[in-house]
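These are the residues of each chain, in order.
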Amino acid sequence: MGKENTGLMAQPKVNTVNTLRNLANAIEAGEIRDYSLQQGSDGSITVKADSKDGKSRLIQTSQTMDGYSSVSTEHVEKMPPKKRRKVVLKMAKEGKTQTEIAEKTIVSQKTISNDIAKLKEQGKL
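Residues numbered from 1 in each chain as written. Predicted model: local features only at pLDDT ≥ 70, side-chain atom pairs only at ≥ 80, totals over all residues. Heavy atoms only, no water.

Re the overall build of the protein chain
Each helix and strand in the protein chain was counted, giving four helices and four strands. Counting all 125 residues of the protein chain, 26% fall into the buried class. Nonlocal contacts in the protein chain, meaning residues at least 24 apart in sequence, comprise 31% of its contacts between residues at least 6 apart. When the accessible area of the protein chain is evaluated, it comes to approximately 8800 Å², of which 50% is carbon and sulfur surface. (Helix = DSSP H or I, 4+ residues; strand = E, 2+ residues; numbered from the N terminus. Buried < 20%, exposed > 50% of the residue type's maximum accessible area, 1.4 Å probe, protein only. Contact = heavy atoms within 4.5 Å. Areas by Shrake-Rupley, 256 points an atom, 1.4 Å probe, with all protein chains shown as cover.)

Some remarks on unusual backbone geometry
One non-glycine residue, I106, lies in the positive phi region at around 60°. The topology assignment puts I106 in the loop between α3 (98–105) and α4 (109–121).

Section: α3
Taken together, the buried positions of α3 are I101, A102 and T105. The arc that holds every buried residue of α3, seen down its axis, measures 100°, which confines them to one face. Buried residues along α3 sit in contact with β3 (56–65), β4 (68–77), α2 (81–93) and α4. A positive backbone phi angle near 60° is found at I106, which sits one or two residues after α3. (Arc of directions from axis to C-beta.)

Some remarks on the nonpolar core
Counting nine residues, the largest nonpolar core consists of V88, L89, M91, I101, A102, V107, I112, I116 and L119. Mapped by element, the contributors of at least two residues to this core are α2, α3 and α4. (Core = buried A, V, L, I, M, F, W, Y, C linked by side-chain atoms within 4.5 Å.)

Observations regarding the pairing of strand β1 (residues 32–39)
Strand direction decides the pairing type here: β1 and strand β2 (residues 45–51), joined by seven bridges, are antiparallel. Residue pairing across strands places Q39 opposite I45, the latter belonging to β2. (Pairing = 2+ DSSP bridges.)

Remarks on the environment of K120
By the element assignment, K120 lies in helix α4. In the structure, K120 is positioned 31 residues away from L89 in sequence and 9.7 Å away in space, judged by C-alpha atoms.

Structure (structure tokens):
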């Protein structure tokens, strides 16, 4: 018996195309301040887009392999320092790099470095 194609296998590509189309529309409408597209060595595609006011970020990653596909979406809001340091503490304990933490908190790597130094001073790291 042959494999029936229900159209579900094409869904991840359709999701990626829709994501790119939505990104283009948001850029055209002036809703996006900054964005990036990155293709990983594993074939994943990551789209990052910052809001016009720089207070929020959308990170969407799509990955498709034979027999498996996934789409993950993260919505990130800029946080005040005290709240951000709690997130930095959690992510640092998970083994995330300063660059990864900076991406998820919408601040510079230097700010994360300062947060980590402060957390170490306080004996939390």
